[in-house]
Amino acid sequence: MSNEKYNEIEKLAYKKQNVFSVYDKTDVFSFAEKYKSYLNITKTEREAVKVTVDMAKKYGFSEYKIGSKISIGDKKYFINKNKQLILFIKGKKNAPVKIVASHIDSPRLDLKQNPLYEDNGLSFFKTHYYGGIKKYQWTTVPLALHGIVYKENGEAIDFSVGESESDPIFYITDLLPHLSREQNEKTLKNGITADNLNVFVGSIPLDEDLKKAIKLNVLKILNTQYGMVEEDFLSAELCFVPALKARDIGLDRSLIGAYGHDDKVCSYPAIVSTLEYTGDNTIITILADKEEIGSEGNTGMQSGIFVDILNKIAEADGVDPSILRYNAECLSADVTSAFDPNYASVYEKNNSGIISCGVAMSKYTGSGGKSSSNDASAEYISKIRKIFKENNVIWQTAELGKTDAGGGGTVAKYIARLNIDTVDLGVPVLSMHAPYEAISKADVYSCYLAFKAFIK
Ligand code: MN
Ligand code: MN
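A.B. asks: Just to check I follow, could you spell out the packing of helix α10 (residues 378–390) against helix α12 (residues 441–455) for this structure?
C.D. replies: In a packed pair of helices, the relevant descriptors are the angle between the two axes and the axis-to-axis distance. Close contact between α10 and α12 brings their axes to 9 Å; oriented N to C, the two are set at 110°. What the angle tells us is that α10 and α12 run roughly perpendicular. Packed against α10, whose contacting residues are Tyr-380, Ile-384, Ile-387 and Phe-388, the element α12 presents Ala-450, Ala-453 and Phe-454 at the interface. Residue composition of the contact of α10 with α12, grouped by class: seven nonpolar, no polar and no charged.

Structure, rendered in structure tokens:
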């Protein structure tokens, strides 16, 4: 066969493209800087809501009050219980409805309701982990304390300790190698258990003669600095997150290391593309809470609030909500796993997200034969594929890992069950759910271009 003929036939084959070879590196890197700044101030869903509201106000969005009428041209944000945010733009009458749904909660260590205790000269906070974590990864890393405490009189105290250079950080110990003979024989899963995830908070006694004097000294500090008493922990939501800033990784600075890429790496591009939107479509951008524990609760994707707002939008157009939902289109914007050559055996390379090859679409997620997955239709994927082609979006497809290696889910199924066309689209992540995850700057930029094209 001639070379010419071979080359012609070779064009029939599907190949992934590296985003860095297509887009302007300056654009990719400058978007990454803005994303890093966002990450550093949005470590919890509550913080993400506040920061995003401030951004939205600058773009002329105003607060939506529950139950109120929606009118054509409205640019609104709805704060649901301080932990979930819905941005929406009401387009022209009966305009296409485009939905992007991501989440702003990330795996972490929550404080128990009665967390403070003293043990052999040290004082600790007892934690209960939130979301799927590998427990051993959370020892010996600097931790910051975030959250809110409500005093008996209802007054709120905001916490963010460990982010500023002058702040103390918090810490979970691990055994020294010299005494780990028994621990080393355990499985990775059992080497560090939930019972070991006790966070050091203090070791100076209030008074040498007093029992539990170290715990009392911690309480004294909490009272002096925050005006709280121990009982106030009962009505608090405090958590430990890594006290680490987003940083470039690699000599070429191609990756970003940070806590909480899952799922801020999709939320941030969704927010920016929505705020910058100027067309006639109706846009709904959901920043959900509780995805990491199954999208439960009234701030999770299963909450009725989403349907409530859809109904109000249908009312504005004078259409039946079932028609609006039937015609609406959604991208479930969540991360997927990036192929990791160091652990190649759990991936199937042809169907894995490859770093820097763009935002990744997952037709289905789930586990054990697509169980519990939204299996998006060929018709809908074809629509999205055409949009991306027309707008020069570099994208790829991805499955979470090889068949039966494990699995996971996203918010997609909770939207699809409302009869809304939905497919998963998100950034491939290395070391997902670790205290410090990694993504490619190229992929977060591609994600931004994908959302822009989708809502256009
Ligand atoms: Mn996620
Ligand atoms: Mn996750």
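That covers the picture; the talk isn't over yet.
A.B. asks: Hey, could you run me through the coordination of the manganese ion (ligand 2) in this one?
C.D. replies: Binding of the manganese ion (ligand 2) to the protein goes through Asp-262 (OD), Glu-292 (OE), Glu-292 (OE) and His-433 (NE2), at separations of 2.0 to 2.6 Å. Read in sequence order, the donor residues coordinating the manganese ion (ligand 2) give the pattern D-x29-E-x140-H. The metal-metal distance between the manganese ion (ligand 2) and the manganese ion (ligand 1) is 3.3 Å, with Asp-262 coordinating both. Pair noted here: Glu-292 is in the loop between β13 (282–288) and α8 (305–317) and His-433 is in the loop between β19 (428–429) and β20 (437–440), with a separation of 141 residues, a long-range link. A relative accessible area of 17% places His-433 in the buried class.

A.B. asks: Help me understand the sheet that holds strand β2 (residues 75–80) in this model?
C.D. replies: As summarised here, the arrangement of the nine strands in space is β1-β2-β3-β13-β4-β14-β18-β16-β17, forming an open sheet in which the pairing is mixed. Pairing within the sheet leaves two strands with one partner each, and these edge strands are β1 (62–63) and β17 (395–397). Bridge count for strand β16 (residues 359–362) against β17 is three bridges, and the pairing is parallel. Across the sheet, the residue bridging to Val-359 is Trp-395, located in β17.

A.B. asks: Any chance you could explain empty space enclosed by the protein here in plain terms?
C.D. replies: Using a probe with the size of a water molecule, rolled over the atoms, empty space left in the structure can be pinpointed. Counting across every chain of the model gives one cavity of 30 Å³ or more. Each pocket or cavity is described by its volume, and for the largest cavity that value is around 40 Å³. Contributing to the lining of the largest cavity are Thr-365, Ser-372, Ser-373, Asn-374, Gly-409, Thr-410, Ala-412, Lys-413 and Asp-424. Its residues assigned to classes, the lining of the largest cavity shows one nonpolar, six polar and two charged.

A.B. asks: Honestly, helix α6 (residues 213–226) in this entry has me stumped. Any pointers?
C.D. replies: An α-helical segment advances 3.6 residues per turn. Residues three or four places apart therefore align on the same side. For α6, with 14 residues, the first-to-last C-alpha span of 19 Å sits near the 20 Å given by 1.5 Å per residue. Buried residues belonging to α6 abut β5 (108–119), β6 (122–130), β8 (156–161) and β9 (198–202). Positive backbone phi, approximately 70°, marks Gly-227, located one or two places after α6.

A.B. asks: Just checking my understanding: could you explain the coordination of the manganese ion (ligand 1) for this structure?
C.D. replies: Coordination angles at a metal have ideal targets, namely 109.5 degrees for four tetrahedral donors and 90 or 180 degrees for six octahedral donors. Bound to the manganese ion (ligand 1) on the protein side are His-103 (NE2), Asp-262 (OD), Asp-334 (OD) and Asp-334 (OD), at distances that span 2.1 to 2.5 Å. Counting along the primary sequence, the residues that act as donors to the manganese ion (ligand 1) give the motif H-x158-D-x71-D. When its relative accessible area of 1% is taken as the criterion, His-103 is described as buried. On the basis of relative accessible area, Asp-262 is assigned to the buried category, the value being 3%.

A.B. asks: What's the story with a nonpolar patch on the surface in this structure? I'm lost.
C.D. replies: On the surface, Met-1, Tyr-6, Ile-9 and Leu-12 cluster together into a nonpolar patch covering about 510 Å² of accessible area. Here Tyr-6 shows up in helix α1 (residues 3–10). For Tyr-6, a relative accessible area of 47% puts it in the partly exposed group.

A.B. asks: Just checking my understanding: could you explain the packing of aromatic side chains for this structure?
C.D. replies: Two measures describe an aromatic ring pair: the distance that separates the ring centres and the angle between the ring planes. All told, the structure shown has 18 aromatic pairs when counted by the stated rule. Arranged with centres 4.6 Å apart and planes meeting at 20°, the rings of Phe-31 and Tyr-448 form a pair that is stacked. With Phe-31 in helix α2 (residues 25–40) and Tyr-448 in helix α12, this pair connects stretches of sequence that are 417 residues apart. Neither residue differs from the other here; Phe-31 and Tyr-448 are each classed as buried.

A.B. asks: What is the right way to look at the pattern of salt bridges in this model?
C.D. replies: As a working rule, side chains carrying opposite charge can pair if their charged atoms are close by. According to the stated counting rule, one finds 25 salt bridges in the structure shown. For Lys-15, the salt bridge is made with Glu-10, and the minimal N-O distance between the two is 3.9 Å. By relative accessible area, which is 34% here, Glu-10 ends up partly exposed. Of the charged contacts in the structure, one is a salt bridge between Lys-83 and Glu-45, with a shortest N-O distance of 4.0 Å. One end of the pair, Lys-83, is in the loop between β2 and β3 (84–89); the other, Glu-45, is in helix α3 (residues 45–58), with 38 residues separating them in the sequence. Taken individually, Lys-83 and Glu-45 each receive the classification buried, so the pair is uniform in this respect. In this structure, a network of salt bridges that share partners links the residues Glu-45, Arg-46, Lys-83, Arg-108, Asp-110 and Glu-237.

Cut-offs applied
- Residues numbered from 1 in each chain as written.
- Chains lettered and ligands numbered in written order.
- Predicted model: local features only at pLDDT ≥ 70, side-chain atom pairs only at ≥ 80, totals over all residues.
- Heavy atoms only, no water.
- Axes fitted to C-alpha atoms, helices over the stretch in contact; angles between N-to-C directions.
- Helix = DSSP H or I, 4+ residues; strand = E, 2+ residues; numbered from the N terminus.
- Parallel < 35°, antiparallel > 145°, perpendicular 65-115°, else oblique.
- Contact = heavy atoms within 4.5 Å.
- Nonpolar A, V, L, I, M, F, W, Y, C, P; charged D, E, K, R; others polar.
- Donors = N, O, S within 2.8 Å, 3.2 Å for Na, K, Ca; no water.
- Buried < 20%, exposed > 50% of the residue type's maximum accessible area, 1.4 Å probe, protein only.
- Pairing = 2+ DSSP bridges.
- 1 Å grid on protein atoms, 1.4 Å probe; cavity = no way out; pocket = protein on both sides within 12 Å on 5 of 7 lines; lining within 4 Å.
- Points joined across faces, edges and corners; volume = space filled by probe spheres on them.
- Expected span 1.5 Å × (residues − 1).
- Patch = residues over 30% accessible without salt bridge, like charges linked within 9 Å, V, L, I, M, F, W, Y side chains within 5 Å.
- Areas by Shrake-Rupley, 256 points an atom, 1.4 Å probe, with all protein chains shown as cover.
- Salt bridge = Lys/Arg side-chain N within 4 Å of Asp/Glu carboxyl O.
- Phe/Tyr/Trp six-rings, centres within 6.5 Å; stacked < 30°, edge-to-face > 60°.

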